[in-house]
Amino acid sequence: MALSRLSSSSRRLDLLTSPLAAALARRPISTDTTPITVETSVPFSAHKCEGPSRSVETTPQELISFFRDMALMRRMEIAADSLYKAKLIRGFCHLYDGQEAVAVGMEAAITKKDCIITAYRDHCIFLERGGTLLEVFAELMGRRAGCSKGKGGSMHFYKKDSGFYGGHGIVGAQVPLGCGLAFAQKYSKDENVTFTLYGDGAANQGQLFEALNISCLLELPAILVCENNHYGMGTAEWRAAKSPAYYKRGDYAPGLKVDGMDAFAVKQACKFAKEHALKNGPIILEMDTYRYHGHSMSDPGSTYRTRDEISGVRQERDPIERIRKLILGLDLATEKELKDMEKEVRKEVDEAIAQAKESPNPDPSELFTNVYAKGYGVEAFGADRKEVRAALP
Amino acid sequence: MLGFLRHRATAGGSAVPLLQGALQKVRTASLSLKSYSSAAKDMNVREALNAALDEEMAADPRVFLMGEEVGEYQGAYKVSKGLLQKYGPERVVDTPITEAGFTGIGIGAAFYGLKPVVEFMTFNFAMQAMDQLINSAAKTNYMSAGNIPASIVFRGPNGAAAGVGAQHSQCYASWYGSIPGLKVVAPYSSEDARGLLKAAIRDPAPVIFLENELLYGENFPVSAEVLDSSFSLPIGKAKIEREGKDVTITSFSKMVGFALKASEILAKEGISAEVINLRSIRPLDRHKINESVQKTNRLVTVEEGFPQNGVGAEICTSVVEESFGYLDAPVERIAGADVSLPYAANLERMALPQVEDIVRAAKRACYRSIPMAAAAN
């Protein structure tokens, strides 16, 4: 295994020494697709179903891409923190650092024809679904190069062409919406599924149970994913839920509890869930995860949990460190190569921010666009209707 | 007309072939009768809605109906009669009594690209789904800069019925009418119901379709043009139901009928009232309303809903803003009373606009009566 890797790396070195190739070849991403098996950190806990095996199929290429993608997300969220403190991002900003494994593992198990819908902690899911760093930072700063042209903000990222339906600010509302996507998939006979993400706080919402009930009656290909980071804003799960076993809360619907800090466990569970949902209807996945930041940028995150707890998770369960150890243990890359990758990622993020800063605010005429899908020239008014009127395009 | 014939003959579901064959024979026979008759046909609002739904479902496979009792019960008010038999349970979906859940599901299906028609048994129950209607349906196209539109219709009875009490009688026209991103229509006649429902289903925006229970059984003449399957009415345009020159009376839904009755009484007293059927609450046809007031110089607005922040308040303000110089009298508003609707018949009557209220207000606008308050002073 190590020998074959040496020879492939020497081939890479040949490529890298040619000047043009050196310019083009920016990163030592392995293209090695030799199958490897890794074990998940803990076994799956199952409710009303037989959980999948702990052995997950992967490849060196996937391992490296997991590392890089998560490092990119981590760097992106930290950069957003700084931009917020510099007052370039306004309003709400809910960061995902710590939870990267869920976004990355899920994407690895599905296609862009499967749908994902989530709440407001959506930056990293958007990125994994094919969004660019520029679109993220420009949207956060309210510029026209943003994915929603600056009109949505942090909580309203969307990318319909790759099956990402947002980006929703009202806790729990995305769950019936996601079940609706699954309804439409079944109606259209698409053979695809919808992953509807929600938090431990949203898990108590009535509309979730209404939607789950209908989805089970109609056997929709809906997968409800509870990203349990153990705090609904500042309220710990045991203070909000009489039963915090969210994977069991579906009652008649099967569920699986997954180590959400282990990207491979996430991947395995999502693969299992997709097969299940297409055959039998809804299933609940509870991802046991953790957010390092507070609920949002206005929350220091330390009035309701101890700093020891936060640093403890960072030391024991950080998703990026887990993959780093795996990669080094399997000898797929050196420590220096991984550090170089992180440096590159940092550079990418910095460049995207610089580009986003160049993007101007939306044109004033955008105030009146997209009110309706087709405006038919209908009249709309500004704050002073005798000053500002428009015909909706 | 031919288009209508073709549609009816080919519309089909998954019914038993033999039965379907028989049904088609019956349908074609009655159709040929229609094609020979040139006189206007009578149709009630319920039939108009049913036929419009049927035709739009036949024309576009993305259209489906969802709501409580729309399927096996044939519709709480029989508006969806026969549709389950024709189109099957995938396209006519009976839901549990969970408005927030099924409204969200409908909107999600619309995000994906289907064209749901979500029925609320009454719009009073839609309040349980208000967050989905406003924050998901109305705003998402804007927040996503056009990436995620939702072509969806929310329909059902709105306003007072007869003796159903406070919780079952509210008019929601002004609440929905204030939300950018929604279209809000309120048909009166069968022609309105048919044309506006077709337009609403075809429109790529979310449309709130406010029906009225007491109008379902009312008959109106419909022309052959209206019966054509391609017929539709433009959303955002009001209709002059009755031309006049002395006072403009605006109304929508059931109140159009009341305004027309009032105008007959006023005519006997030498006042010629112009009755406008708004048809559309949002977009509001401010142009037609102002054009009318610039002709008559007097305005009475009529609505069933609560008076504060109501549709009439918006119309009066629009007229004061755009046609101030044309007004010969203060604007007048007739609306429901500032109380929860009582059950006792006499109190209910006092709490809702009656024909005599409209007549009195019109006369006041024409300086033909002394208002009670002024007399007291």
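No experiment lies behind these values; they were computed from the predicted model shown.

**Q** Would you mind going over the overall build of chain B in detail, with residue names and values included?
**A** Summing up its helical and strand segments, chain B has 16 helices and 14 strands in all. Looking at chain B as a whole, 59% of its 377 residues are labelled buried. In chain B, of all internal contacts separated by at least 6 residues, the share reaching a separation of at least 24 is 80%. With an accessible surface of roughly 15000 Å², chain B has 56% of that area assigned to carbon and sulfur atoms.

**Q** Could you give an account of the interface of chain B and chain A, with specific residues and numbers?
**A** Facing the 48 residues of chain B at the interface are 46 residues of chain A. For the chain B and chain A pair, buried surface summed over both sides reaches about 3900 Å², with 63% attributable to carbon and sulfur atoms. At the junction of chain B and chain A, the tally comes to 3 salt bridges. Here B:Glu322 makes a salt bridge to A:Arg389, at a shortest N to O gap of 2.8 Å. The interface formed by chain B and chain A includes 21 residue pairs in polar contact (both at pLDDT 80 or more). For the side of chain B that touches chain A, the secondary structure elements donating two or more residues are β2 (63-67), α5 (99-112), α6 (130-138), α7 (140-143) and α13 (311-323) of chain B. It is α5(B) that contributes the most residues to the side of chain B that touches chain A, 11 residues altogether.

**Q** Outline helix α3 (residues 60-85) of chain A, supporting the account with residue identities and numerical values.
**A** Residue and element names in this part refer to chain A. Taking 1.5 Å of rise per residue, the 26 residues of α3 would be expected to cover 38 Å, and the 38 Å separating its terminal C-alpha atoms lies within 8% of that figure. The buried count for α3 comes to 20 of 26 residues, which makes it a mostly enclosed element. Phi turns positive one or two residues past the end of α3, at Lys87, with a value near 65°.

**Q** Quick one: what's the story with the pattern of salt bridges, residue by residue and with numbers?
**A** Taken as a whole and assessed by the stated rule, the structure comprises 44 salt bridges over all chains. Between A:Glu321 and A:Arg324 there is a salt bridge; the shortest N-O distance is 3.0 Å. Of the two residues, A:Glu321 and A:Arg324 both sit in helix α12 (residues 319-329), 3 residues apart, roughly one turn of that helix. For A:Arg324, a relative accessible area of 12% gives the class buried. Three or more residues joined by partner-sharing salt bridges are found here, namely B:Glu55, B:Glu56, B:Arg194, B:Lys198 and B:Arg202.

**Q** Help me get a handle on the UniProt feature "domain: Dehydrogenase E1 component" (unreviewed entry) in chain A, residues and values and all.
**A** Annotation from UniProt places "domain: Dehydrogenase E1 component" (unreviewed entry) at residues 68-364 of chain A. Here residues 68-364 of chain A is 46% helix and 10% strand, with 38 Å between the C-alpha atoms at its ends.

**Q** I'd like a rundown of the layout of surface pockets, residues and numbers included.
**A** Of the voids in this model, the largest pocket is the one considered here, and its volume is about 1200 Å³. Lining the largest pocket are 49 residues, and of these A:Val378, A:Glu379, B:Arg282, B:Pro283 and B:Leu284 lie nearest its centre. Elements that contribute at least two residues to the lining of the largest pocket include exactly β11 (379-381) of chain A together with α7, α8 (173-177), α9 (190-202), β12 (280-282), α12 (286-296) and α13 of chain B. Of the residues that constitute the lining of the largest pocket, the class distribution is 22 nonpolar, 13 polar and 14 charged. Lining the lining of the largest pocket are residues from two domains, each supplying at least three of them: domain 1 (2-227) and domain 2 (239-368) of chain B.

**Q** With reference to specific residues and values, describe the sheet that holds strand β9 (residues 239-242) of chain B.
**A** Residue and element names in this part refer to chain B. Reading across the sheet, the 5 strands line up as β9-β11-β10-β13-β14 and stay open at both edges, with mixed pairing between neighbours. Two strands in the sheet have a free side with no partner beyond their single neighbour: β9 and β14 (332-334). Each strand of the sheet is rotated relative to its neighbour by a mean of 25°, with strand direction disregarded. With 5 bridges connecting them, strand β10 (residues 247-251) and strand β11 (residues 273-277) associate as parallel partners. The residue of β11 that forms the bridge with Thr250 is Ile276. Each of β9, β10, β11 and β13 (299-302) touches helix α11 (residues 254-268); the most contacted strand, β11, lies at about 170° to it. Contacts between α12 and the sheet are confined to β9, β10, β11 and β13, with β11 contributing the most and set at about 175° to the helix.

**Q** I'd like a rundown of the packing of aromatic side chains, residues and numbers included.
**A** Per the counting criterion, the structure on display carries 17 aromatic pairs over all chains. Measuring from ring centre to ring centre gives 5.6 Å for B:Phe120 and B:Phe123, while their planes differ by 65°; the resulting arrangement is edge-to-face. Classification of B:Phe120 as buried rests on a relative accessible area of 0%. In this structure an aromatic cluster arises from ring pairing among B:Phe102, B:Phe120, B:Phe123, B:Phe154, B:Tyr172, B:Trp175 and B:Tyr176. Geometry around A:Phe381 places A:Arg385 over its ring, the cationic atom sitting 3.9 Å from the centre. Sitting above the plane of the A:Tyr372 ring, B:Lys183 keeps its charged end 4.8 Å from the centroid.

**Q** How would you sum up unusual backbone geometry? Please name residues and give values.
**A** Cis rather than trans, the peptide bond between A:Gly166 and A:Gly167 has omega equal to 10°. Here A:Gly167 lies in the loop between α6 (133-140) and α7 (174-187). At the junction of B:Arg282 and B:Pro283, the peptide bond is cis and its omega measures out at 0° in the coordinates. Within the element layout of this structure, B:Pro283 appears in the loop between β12 and α12. At A:His230, a position not held by glycine, the phi torsion is positive, near 75°. Summarising the element assignment, A:His230 is placed in the loop between β6 (222-228) and β7 (231-232). Using a relative accessible area of 17% as the deciding quantity, one classes A:His230 as buried. For A:Met233, which is not a glycine, the phi torsion comes out positive at approximately 55°. Relative to the elements of secondary structure, A:Met233 occurs in the loop between β7 and β8 (235-236). Given the relative accessible area of 52%, A:Met233 is considered exposed.

**Q** Give me the domain arrangement of chain B: which residues, what numbers.
**A** All names here are of chain B. In terms of domain boundaries, chain B breaks down into domain 1 (2-227) and domain 2 (239-368). In this complex, domain 1 contributes 30 residues to the contact, which on the side of domain 2 involves 24 residues. Carbon and sulfur atoms make up 57% of the surface buried where domain 1 meets domain 2, a total of about 2000 Å² over both sides. Taken together, the connections running from domain 1 to domain 2 amount to 2 salt bridges. A salt bridge links Asp192 to Arg279; the shortest N-O distance between them is 2.7 Å. Put simply, domain 1 and domain 2 have 11 residue pairs in polar contact (both at pLDDT 80 or more) between them. Looking at the side of domain 1 that touches domain 2, the elements that each hand over two or more residues are α8, β6 (183-185) and α9. Looking at the side of domain 1 that touches domain 2 element by element, the count peaks at 4 residues for α8. When the residues that make up the side of domain 1 that touches domain 2 are grouped by side-chain class, the tally is 18 nonpolar, 9 polar and 3 charged.

**Q** Now, about empty space enclosed by the protein: what can you tell me, with residues and values included?
**A** Residues and elements named next belong to chain B. Inspection of every chain in the model, using the stated rule, returns 6 cavities of 30 Å³ or more. Quantified by volume, the largest cavity comes out at close to 110 Å³. Considering the residues around the largest cavity, the lining is formed by 13 residues, among which Ser169, Glu304, Phe306, Leu341 and Leu352 are closest to the centre. Taken together, the residues of the lining of the largest cavity break down into 8 nonpolar, 4 polar and 1 charged. Counting the residues that make up the lining of the largest cavity, at least three belong to each of domain 1 (2-227) and domain 2 (239-368). Approximately 70 Å³ is the volume found for the second largest cavity. Every residue lining the second largest cavity is listed: Asn158, Gly159, Cys171, Asn212, Phe252, Ser253, Lys254, Met255 and Glu304.

Rules behind the numbers
- Residues numbered from 1 in each chain as written.
- Chains lettered and ligands numbered in written order.
- Predicted model: local features only at pLDDT ≥ 70, side-chain atom pairs only at ≥ 80, totals over all residues.
- Heavy atoms only, no water.
- Helix = DSSP H or I, 4+ residues; strand = E, 2+ residues; numbered from the N terminus.
- Buried < 20%, exposed > 50% of the residue type's maximum accessible area, 1.4 Å probe, protein only.
- Contact = heavy atoms within 4.5 Å.
- Areas by Shrake-Rupley, 256 points an atom, 1.4 Å probe, with all protein chains shown as cover.
- Buried area = accessible area lost by both parts, 1.4 Å probe.
- Salt bridge = Lys/Arg side-chain N within 4 Å of Asp/Glu carboxyl O.
- Polar contact = N/O pair within 3.5 Å; in protein donor to acceptor, adjacent residues only side chain to side chain.
- Expected span 1.5 Å × (residues − 1).
- UniProt positions renumbered as here; feature names shortened; annotations may be inferred.
- 1 Å grid on protein atoms, 1.4 Å probe; cavity = no way out; pocket = protein on both sides within 12 Å on 5 of 7 lines; lining within 4 Å.
- Points joined across faces, edges and corners; volume = space filled by probe spheres on them.
- Nonpolar A, V, L, I, M, F, W, Y, C, P; charged D, E, K, R; others polar.
- Domains from an automatic or database assignment.
- Pairing = 2+ DSSP bridges.
- Axes fitted to C-alpha atoms, helices over the stretch in contact; angles between N-to-C directions.
- Phe/Tyr/Trp six-rings, centres within 6.5 Å; stacked < 30°, edge-to-face > 60°.
- Lys NZ or Arg CZ within 6 Å of the ring centre and 35° of its normal.

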